[in-house]
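Summary of the model geometry
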Amino acid sequence: LSFKGSLLQSNLEIEELNVEEVANTSLNIKGNVSGFGEKAKFENLQYIIDAKDVVNMIEKFELSKPEFDYNRFYNFSATGTLNGDLDNFNIDTEFNSGVLTGRYEGSVNMADNILFNGSIELKHPELITFIESVGGNYKVQSPNLGLFRFKSKINGTMHDMDLQDMELNIGYSQFGGN
C-alpha cells in the first residue's frame, strides 16, 4: 500500500493511491474526494483496477454479487473516471474481462434498482462463446458466427432498459434501430 496526497478542510487530494495484490487485485486511484462527515463526493477520481481472480475479489471485499454467473469471468480490469457521489455519479470507463471488452459512459443512480443513462459498447470475438459466458444456452448449426459487437444509448435498469441508436454486429451482419 502506498499513498501520496493531502487532506485540507475535508478535501482529500489523492496524488496517488496504490494497493497491490490484495485478493489478487491491484488498484490505483488519483483525484479528489470531499465531503467527509457528510456525503462523500468524487471529483475527477481516476482509477485503474486489475483483478486476476474476480471470485476471490468479490468474496474478500464482500461486494454485491452480480445477477449472472460471475465465476465465468476470471480476470477483470478497468480504467476510468468518476464524478459525483456514492448515490449518483457520472462514469467514463473501459473494461476487459478475458476477451470481452467494453466501455460505458454516462450516469449511474444507485437507487433501489440501479439506473443507467448513457452509452455502452461491448465486443467479443465470438457470439456463441459470449452467450455461453453469461449463462445463455444458444445452439446454432454454425459453431462460429464471428465477432459480436453491441453499441447503444441506454436508459433504465438491468431489467427494464430502453435502447436507442442501437448498432449490432454479428460476424459480417449489421443490425440497427431502437
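To keep things clear, this report deals only with the structure shown in the data block. (Residues numbered from 1 in each chain as written. Predicted model: local features only at pLDDT ≥ 70, side-chain atom pairs only at ≥ 80, totals over all residues. Heavy atoms only, no water.)

**A closer look at the overall build of the chain**
Helix and strand counts for the chain stand at 2 helices and 11 strands. Ordered by position from N to C terminus, the α and β elements of the chain give β-β-β-β-α-β-β-β-β-α-β-β-β. Residues counted as buried form 32% of the 178 residues belonging to the chain. Once local pairs closer than 6 in sequence are excluded, the contacts in the chain between residues at least 24 apart make up 34%. (Helix = DSSP H or I, 4+ residues; strand = E, 2+ residues; numbered from the N terminus. Buried < 20%, exposed > 50% of the residue type's maximum accessible area, 1.4 Å probe, protein only. Contact = heavy atoms within 4.5 Å.)

**With respect to the sheet that holds strand β2 (residues 11-22)**
Pairing within the open sheet is antiparallel, and its 11 strands lie in the order β1-β2-β3-β4-β5-β6-β7-β8-β9-β10-β11. Where the open sheet ends on each side, the last strands, each with one partner, are β1 (2-8) and β11 (173-177). Ignoring strand direction, the axes of neighbouring strands in this sheet form an average angle of 10 degrees. With 9 bridges joining them, strand β9 (residues 148-157) and strand β10 (residues 160-170) adopt antiparallel strand pairing. Counted as the bridge partner of Arg149 is Asn169 from β10. (Pairing = 2+ DSSP bridges. Axes fitted to C-alpha atoms, helices over the stretch in contact; angles between N-to-C directions.)

**Considerations on unusual backbone geometry**
Backbone geometry at Gln9 places phi at a positive 50 degrees, although glycine is not the residue there. A positive phi angle is found at Asn44, which is not glycine, with a value near 50 degrees. Within the secondary structure, Asn44 sits in strand β4 (residues 41-51). By relative accessible area, Asn44 is classed as partly exposed at 39%.

**Points about the side chain of His124**
With respect to the helices, strands and loops of the structure, His124 is situated in strand β8 (residues 115-124). Of the residues examined, His124 reaches a relative accessible area of 6% and is grouped as buried. For His124, the contacting residues outside a window of four places in its chain are Val99, Leu100, Thr129, Phe130, Leu147 and Phe148.

**Focus on the nonpolar core**
Judged by nonpolar contacts, the single largest core of 30 residues is most densely connected at Ile14, Leu45, Leu82, Ile91, Tyr104 and Phe148. Look past the residues within four positions of Leu82 in its chain and what remains in contact with it is Phe42, Glu43, Asn44, Leu45, Tyr47, Phe89, Asn90 and Ile91. (Core = buried A, V, L, I, M, F, W, Y, C linked by side-chain atoms within 4.5 Å.)

**Some remarks on the pairing of strand β3 (residues 25-34)**
By the bridge criterion, 8 bridges tie β2 to β3 in an arrangement that is antiparallel. By the bridge assignment for β3, Glu13 is matched with Asn32. Between β2 and β3, which follow one another and run antiparallel, lie 2 residues, and Ala23 among them has a positive phi close to 55 degrees. Taken together, the 9 bridges between β3 and β4 define a ladder with antiparallel strand orientation. Bridge pairing in β4 places Asn32 opposite Glu43.

**Details of the packing of aromatic side chains**
One pass over the full model with this rule turns up 1 aromatic pair. Each ring, one from Tyr104 and one from Phe116, has its centre 5.8 Å from the other, and the planes form 85 degrees; the classification is edge-to-face. Placement of the pair is Tyr104 in strand β7 (residues 100-109) and Phe116 in strand β8, with a sequence separation of 12 residues. Like Tyr104, the residue Phe116 is buried in the burial classification. (Phe/Tyr/Trp six-rings, centres within 6.5 Å; stacked < 30°, edge-to-face > 60°.)

Geometric descriptors of this kind do not, in isolation, establish any biological role.
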